[in-house]
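Remarks on the overall topology
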Amino acid sequence: MAKKESLKRFGVSMEDELLRKFDQYLEQHKYRNRSEALRDLVRKSLVVEEWDHNRETVGAITLIYDHHTPGLSQKLNSLQHDFSGQVIASTHVHLDHHHCLEVIVARGKARKLKELADRLTAQRGVKYGSLTGATTAKDLP
Ligand code: NI
């Protein structure tokens, strides 16, 4: 188990206007203090770096599609089998008579996860597709 890091304090200088905006941000996002908000913003930047540098990461792909589109369900299924090294879970919800919602959780190199999301989303009959980039949090204090 990793040793719990002790907290270090440091001073931050900021323009009045920027600090005012930061405090507004805290309020809007329900933060109780600046330190916790700042830590989360730093972590968020590190996660962006993780994705930009094609590191091992995790993401959730959300798809909305019309399952009556000929061949679509099979195509989406076979694509996920092509990426079986990355896909770790999926959930299917029948939204109405036509539409399905599928959430696919995948783990792997960032570029590979983007490729999977793009290929699924580009299929005819897929009305909405998005990739939410997360993190394994392995290297994230
Ligand atoms: Ni369905």
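Residues numbered from 1 in each chain as written. Predicted model: local features only at pLDDT ≥ 70, side-chain atom pairs only at ≥ 80, totals over all residues. Heavy atoms only, no water.

Taken together, the protein ligands of the nickel ion are H92 (NE2), H94 (ND1) and C100 (SG), with distances of 2.1 to 2.4 Å. Each donor residue of the nickel ion lies on the same chain, and together they follow the pattern H-x1-H-x5-C. What makes H94 exposed here is its relative accessible area of 64%. (Donors = N, O, S within 2.8 Å, 3.2 Å for Na, K, Ca; no water. Buried < 20%, exposed > 50% of the residue type's maximum accessible area, 1.4 Å probe, protein only.)

Moving on: the packing of helix 1 (residues 16–28) against helix 2 (residues 34–52). In contact at an axis separation of 10 Å, helix 1 and helix 2 are set at 90° when each is read in the N-to-C sense. With respect to their mutual orientation, helix 1 and helix 2 come out roughly perpendicular. Between helix 1 and helix 2, the contacting residues are L19, F22, D23, Y25 and L26 on the first element and R34, A37, L38, L41 and K44 on the second. Residue composition of the contact of helix 1 with helix 2, by class: seven nonpolar, no polar and three charged. (Axes fitted to C-alpha atoms, helices over the stretch in contact; angles between N-to-C directions. Helix = DSSP H or I, 4+ residues; strand = E, 2+ residues; numbered from the N terminus. Parallel < 35°, antiparallel > 145°, perpendicular 65-115°, else oblique. Contact = heavy atoms within 4.5 Å. Nonpolar A, V, L, I, M, F, W, Y, C, P; charged D, E, K, R; others polar.)

Parsing the chain into structural domains produces domain 1 (16–52) and domain 2 (56–133). One C-alpha centre belongs to domain 1, the other to domain 2, and the line joining them spans 31 Å. (Domains from an automatic or database assignment.)

Put simply, helix 3 (residues 72–82) and helix 4 (residues 110–121) touch, their axes get as near as 10 Å, and they point 170° apart. It follows that helix 3 is roughly antiparallel to helix 4 by the angle criterion. Between helix 3 and helix 4 lies a crossing of right-handed hand. Packed against helix 3, whose contacting residues are L76, L79 and Q80, the element helix 4 presents L116, R119 and L120 at the interface. (Left-handed = near helix turned anticlockwise from the far one by under 90°.)

Scanning all chains against the criterion turns up six salt bridges. One salt bridge in this structure joins E56 and R107, with 3.4 Å as the shortest N-O distance. Taken together, the residues E56 in strand 1 (residues 56–66) and R107 in strand 3 (residues 99–109) connect sequence positions 51 residues apart. Its salt-bridge partner being R119, residue E115 comes within 3.2 Å of it at the nearest N-O pair. Residue E115 and its partner R119 are both found in helix 4; the two are separated by four residues, about one turn of the helix. (Salt bridge = Lys/Arg side-chain N within 4 Å of Asp/Glu carboxyl O.)

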